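Overview (structure and organization)
This is what each chain is made of:
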Amino acid sequence: MYPKFALFALILVTCTQLWAQKKADPATFLQSGPMVGYSEMREVMLWVQLNRPCQVFAEYQERDQPASEVFSTNAIQTTSIDAFTAHLLADKVLPGKTYDAWLRINGKKVVLPYPFQFHARDLWQWRTDPPAFRAIVGSCSYFNDSLYDRPGKPYGGEYEIFSSIAQEKGDLMLWLGDNIYLNEPDWNTRTGIQYRYTTSRSYKVLQPLLAQMSHYAVWDDHDFGPNDADRSFIHKDLTRAAFQAFWANPSYGINGQGGITSMFSWSDCDFFLLDDRWFRSPYLRKTGDKIMLGEGQIEWLIDALRSSQATFKFVCVGSVVLSTANVYENYIRVAPEERQRLLDAIQAEGISGVIFLTGDRHHTEMSKWKPVGGFPIYDLTVSPFTSGTYGGDGAANTLLLPGTEYVGRNYAALDVSGPRLDRRVTITIKDKSGKQVWQQEIKAADMLQK
């Protein structure tokens, strides 16, 4: 009789739990998000994380069209293997349309205290001038966790910067690495890595920002592995899996090589998302080539840049590229010959409009290189969002543009605008409260001057 009674009791408990879950407010099952991921003309990827196994999907409807059809994404049953995350594909969108969206968890609508919306990319080619757009850029987000942080003064702070960014009403946001900081208890296990992603992504101040514009990301050492991690990191497959679970980029890796390399277009601009960790050689190696990006990734990048018809070609990478300051993990220090080869190839191929967007350094600055007989190249370093701040490189960077060095928590707003034949990008650096620190304008015509 005992086995039958135990089975009956188990069924009763399970049924009670299911009934309680069904009756509960579905918002209690929401851990973080929703977040808008990549956007294309025919589909937009949405993301969410729950705190237990549940079925989740999103519904969406064209904005200001209450009589229009309501569409649904695919439904996902969340599991612990992916930290209860879900990628929800909105594949009934039309180019140029804006949609209001909402989640349904276990069939019940989730009511959010902030807007959840997304925009399908515009079909402008052969029809109009390229649309203007705003991209938000930055790096280095440290989210304090008193259980595991180092003793002493908290390293992260001034999280109100994310509220300031949300007020910018950007079209997309680029997270340029160190988007989380894996700590000693984290990076050796899937459990630890998922814990760090979950606690960081769950900060309340982030949620309205995640839900209102498209988000794209690259990584640097702290979300790839330990400090200054390289290709030897034994658990990079685990951190790559977590990166894929918690971000919604259009793809991850090129030519079957691993890593997170990808690209996408927005209006008349191309964005190249590079991986500066997967192929990186150990800095202390005494033999072999010094590598940051690797042969395959560099060849792909040059191919893609050469094929690109974009007005501006934004190359997004965690490590600083142009700066001549031979310090820390600047490209010129970790792999000087590879850096020069990349820059020489851009010049030899006659590729114009290249602007590197970089992070890592815990201060902001902009560099410009104008090779003899070649097109100018820029490197905008934006750091940090909420991590600690460090002094700039000053005179050590001979390519530094005067007045662009800033030490303080900050972000950049990149406004691309103008008619087809007079495009420009206005770069505005803003502090944690959204106050302008400095502003620079780069005209497309000037980037075509040799």
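These lines cover the structure that appears in this document, whether it is placed above or below. (Residues numbered from 1 in each chain as written. Predicted model: local features only at pLDDT ≥ 70, side-chain atom pairs only at ≥ 80, totals over all residues. Heavy atoms only, no water.)

Before going further, it helps to spend a moment on the overall build of the chain. What the chain contains, in helices and strands, is nine helices and 21 strands. In summary, the chain has a C-alpha radius of gyration of 23 Å against a globular reference of 22 Å for 450 residues, a match within 12%. Seen through its principal axes, the chain has C-alpha atoms that stretch 90 × 55 × 40 Å. Out of the 450 residues belonging to the chain, those deemed buried represent 56%. The contacts in the chain between residues at least 6 apart in sequence include a share of 68% that link residues at least 24 apart. Of the roughly 19,300 Å² that the chain leaves accessible, carbon and sulfur atoms contribute 54%. (Helix = DSSP H or I, 4+ residues; strand = E, 2+ residues; numbered from the N terminus. Rg over C-alpha atoms; globule rule 2.2 N^0.38 Å. Buried < 20%, exposed > 50% of the residue type's maximum accessible area, 1.4 Å probe, protein only. Contact = heavy atoms within 4.5 Å. Areas by Shrake-Rupley, 256 points an atom, 1.4 Å probe, with all protein chains shown as cover.)

Across the five residues that make up strand β11 (residues 172–176), a large majority, five, are buried. In β11, alternate side chains face the same way, and those of Leu172, Leu174 and Leu176 on one face and Met173 and Trp175 on the other are all buried. Viewed along the sheet, the connection from strand β10 (residues 133–138) through helix α2 (residues 161–166) into β11 turns out right-handed. In this sheet, strand β12 (residues 214–218) lies alongside β11 in parallel orientation, the contact comprising five bridges. Bridging across to β12, Trp175 finds its partner in Ala217. (Right-handed = clockwise from strand over helix to strand, strands pointing away. Pairing = 2+ DSSP bridges.)

On to unusual backbone geometry. Following Gly33, the chain continues into Pro34 via a peptide bond in cis, with omega recorded as 10°. By secondary structure assignment, the location of Pro34 is in strand β1 (residues 30–39). At the junction of Ser383 and Pro384, the peptide bond is cis and its omega measures out at -5° in the coordinates. Mapped onto the fold, Pro384 is located in the loop between β18 (377–381) and β19 (410–417). Despite not being glycine, Glu158 shows a phi value in the positive range, around 55°. If you trace the backbone, Glu158 turns up in the loop between β10 and α2. Non-glycine residue Asp228 carries a positive phi angle of around 60°. Residue placement: Asp228 occurs in the loop between α5 (221–224) and α6 (236–246). The exposure class of Asp228 is partly exposed, given its relative accessible area of 40%.

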